[in-house]
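Examination of the molecular architecture
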Amino acid sequence: MRVTFLGTSGAVPTTERAPSAVLVNREGERMLFDCGEGTQRQMMRFNTGFNVSHLFVTHLHGDHILGIPGLIQSWDFNDRDAALAIHVPPGSKKHIKRLVHAGGYDPSYPVNIHEVSPGSTALDGEEFEVRTFKTNHRTRSQGYAIVEDDRPGRFDREKAEEELGIPPGPMYGRLHNGEAVELDDGRVIQPEQVVGDPRPGRKLVYTGDTRPVQATVEMAEDADLLIHDATFASDESGRARQTYHSTAREAADVASRANVKRLALTHISSRYAGDASPIEREAQERFHGECFVPSDGQKVEVPFPDAE
């Protein structure tokens, strides 16, 4: 699973940071979370590939959606024929539809807009889900979490071959997939004899714009990566409350309570255009896992929890 931060700025872009957009490539399937102005150029610039199947919108503020019309039309110019699914908060469909058809434009490929409520599953994929959770911003908003299924436990090849006398071959795969097998001598081998306990998949959580909320803590429990709003440092905590954003310290507190492994601080206010180190330093004082302010174009690999 690879995350590319396409846009990490707050509401106003800077020369170094574009508006919000995050692309996740999971086992070859590309999913885009938010689509601020200029997202398509960022995708070209950072070589993410254009074959996006799903777009997830956290809320309707312009810095999260104004890249949609250009991207929709560029896909058409490139002869796209695959359907695109856009997942949006309740009550947002008509507004997103206007963006899709901006200027009276009608894409030649299917664009399906799905309203999905917080607390539900936006996408039921193969061996993973994209789940929604309620956030707290100035408009109806929600975050998204990619939650993978548990994986089969480790296969004990040494025990299978040397202790149980199972010949190498298709039986190993059947056992690993949970199927009992019968040997030539009549013995029946159960999967649990050679397969360990299930291993957890990966979890990635993206909040979009939000105040710190308990729903994020619950959804992000033990997450491998939490991408959280950290628009301001704590000296602007009043401004954060007024605009329904989070400070870096508040994001770090959420990450600590959720016991996440890594915290990415994003949606950085333009007032930190020259130096975002106060954001990172403040969060590191409260969160003792890996914590960073990603730059536009930064790519982050999300390994399996048990990766050596």
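Before going into details, it helps to say that this report is about the structure given with it. The residue numbers shown here count from 1 along each chain, following its written sequence. Where totals are concerned, whole chains, interfaces and linings use all residues; where local detail is concerned, this predicted model gives features only for residues with pLDDT of at least 70, and gives and counts side-chain atom pairs only at 80 or more. Computation of side-chain values: all heavy atoms of the structure, hydrogens and water removed.

**Quick word on the sheet that holds strand β9 (residues 142–148)**
- An order of β7-β8-β9-β12-β13-β14-β15 is seen for the seven strands of this open sheet, with the pairing classed as mixed. The sheet is open, and its two borders are formed by β7 (121–125) and β15 (290–292), each paired with just one other strand. Adjacent strand axes in the sheet meet at a mean angle of 15°, parallel and antiparallel pairs treated alike.
- Paired strands, in this sense, are two strands between which DSSP finds at least two bridges. Elements are defined by DSSP. Helices are runs of H or I of four residues or more, strands are runs of E of two residues or more, and each kind is numbered from the N terminus. Two strands pair when backbone bridges link them, and strand β12 (residues 203–206) and strand β13 (residues 225–229) are joined in this way by three bridges, in the parallel orientation. Within β13, the position partnered with Leu 204 by the bridge is Leu 225.
- Only heavy atoms matter for contacts: two residues are in contact if any of them lie within 4.5 Å across the pair. In this analysis an axis means a line fitted to C-alpha atoms, helices contributing only their contacting stretch, and an angle means the value between N-to-C directions, from 0 to 180 degrees. The sheet contacts of helix α10 (residues 277–284) involve β14 (262–266) and β15, and relative to β15 the element is tilted by about 160°.

**Remarks on the sheet that holds strand β1 (residues 2–7)**
- Read from one edge of the open sheet, seven strands run β6-β5-β4-β3-β2-β1-β16, paired in mixed fashion. Every other strand in the sheet has two partners, leaving β6 (111–115) and β16 (299–301) as the edge strands with one partner each. Within the sheet, the average angular offset between the axes of one strand and its neighbour, ignoring direction, is 20°.
- The pairing of β1 with strand β2 (residues 21–26) spans five bridges and is classified as antiparallel. From the neighbouring strand, Gly 7 faces β2, where its bridge partner is Ala 21.

**Quick notes on the packing of helix α9 (residues 248–258) against α10**
- It is at 8 Å that the axes of α9 and α10 come closest, and there the two elements cross at 35°. Crossing geometry of α9 relative to α10 is assigned as right-handed. In this structure, α9 contributes Ala 248, Arg 249 and Ala 252 to the contact, and α10 contributes Ile 279, Glu 282 and Ala 283.
- Think of it as three bins: nonpolar holds Ala, Val, Leu, Ile, Met, Phe, Trp, Tyr, Cys and Pro, charged holds Asp, Glu, Lys and Arg, and polar takes everything else, Gly as well. Here the contact of α9 with α10 is composed, by residue class, of four nonpolar, no polar and two charged. Left-handed describes a crossing whose near helix is turned anticlockwise from the far helix by less than a right angle; the clockwise case is right-handed.

**Focus: the pattern of salt bridges**
- Here, a salt bridge means any side-chain nitrogen of Lys or Arg that lies within 4 Å of a carboxyl oxygen of Asp or Glu. Taken as a whole and assessed by the stated rule, the structure comprises 13 salt bridges.
- The partner of Glu 27 in a salt bridge is Arg 202, with the nearest N and O atoms 3.0 Å apart. On the criterion of sequence distance, the pair formed by Glu 27 in the loop between β2 and β3 (29–33) and Arg 202 in the loop between β11 (188–189) and β12 is long-range, its members being 175 residues apart.
- Glu 27 gets classed as exposed once you look at its relative accessible area, which sits at 56%.
- Only protein chains enter the accessibility calculation, which uses a 1.4 Å probe; a residue is then buried when its area is under 20% of its type maximum, exposed when over 50%, and partly exposed in between. In this structure Arg 202 comes out as buried when scored by relative accessible area, which is 4%.
- Of the charged contacts in the structure, one is a salt bridge between Arg 131 and Glu 129, with a shortest N-O distance of 2.8 Å.
- What makes Arg 131 partly exposed here is its relative accessible area of 32%.
- Within the structure, one salt-bridge network assembled from shared partners comprises Arg 26, Glu 27, Glu 148 and Arg 202.

**Some details on unusual backbone geometry**
- The backbone of Glu 127 shows a phi angle near 70°, a positive value even though the residue is not glycine.
- Along the chain, Glu 127 falls in the loop between β7 and β8 (128–134).
- Given the relative accessible area of 52%, Glu 127 is considered exposed.
- Of note, the phi angle at Tyr 244 is positive, near 60°, even though the residue is not glycine.
- With respect to the helices and strands, the residue Tyr 244 is situated in the loop between α8 (237–243) and α9.
- The partly exposed category is assigned to Tyr 244, whose relative accessible area is 34%.

**Here we look at the pairing of β8**
- Summarising the sheet, β7 and β8 pair through four bridges and their orientation is antiparallel. Considered in β8, the bridge of Gly 125 is made with Phe 128.
- The antiparallel hairpin formed by β7 and β8 contains two residues in its connecting segment, where Glu 127 sits at a positive phi of about 70°.
- Here β8 runs beside β9; their pairing, made up of seven bridges, is antiparallel. Opposite Glu 129, over in β9, you have Val 147 as the bridge partner.

**Brief notes about the environment of Pro 167**
- You can see Pro 167 is positioned in the loop between α5 (157–163) and α6 (170–176).
- On a C-alpha basis, the gap between Pro 167 and Leu 183 in space is 8.9 Å, while along the polypeptide they are 16 residues apart.

**A closer look at the nonpolar core**
- Residues belong to a common nonpolar core when they are buried Ala, Val, Leu, Ile, Met, Phe, Trp, Tyr or Cys residues joined through side-chain atoms within 4.5 Å. Counting residues in hydrophobic clusters, the biggest one holds 30 residues, and the most contacted among them are Val 205, Leu 226, Val 260, Leu 263, Leu 265 and Ile 279.
- Secondary structure elements with two or more residues in this core: β9, α7 (214–219), α9, β14 and α10.
- At six residues, the largest contribution of residues to this core is made by α9.
- Discounting residues that sit within four places of it in the chain, Ile 279 has contacts with Ala 230, Thr 231, Phe 232, Ala 233, Ala 248, Leu 265, Ile 268, Tyr 272 and Val 293.
- Grouped together as the second largest cluster of nonpolar side chains are 25 residues, Met 43, Leu 55, Ile 72 and Val 100 included.

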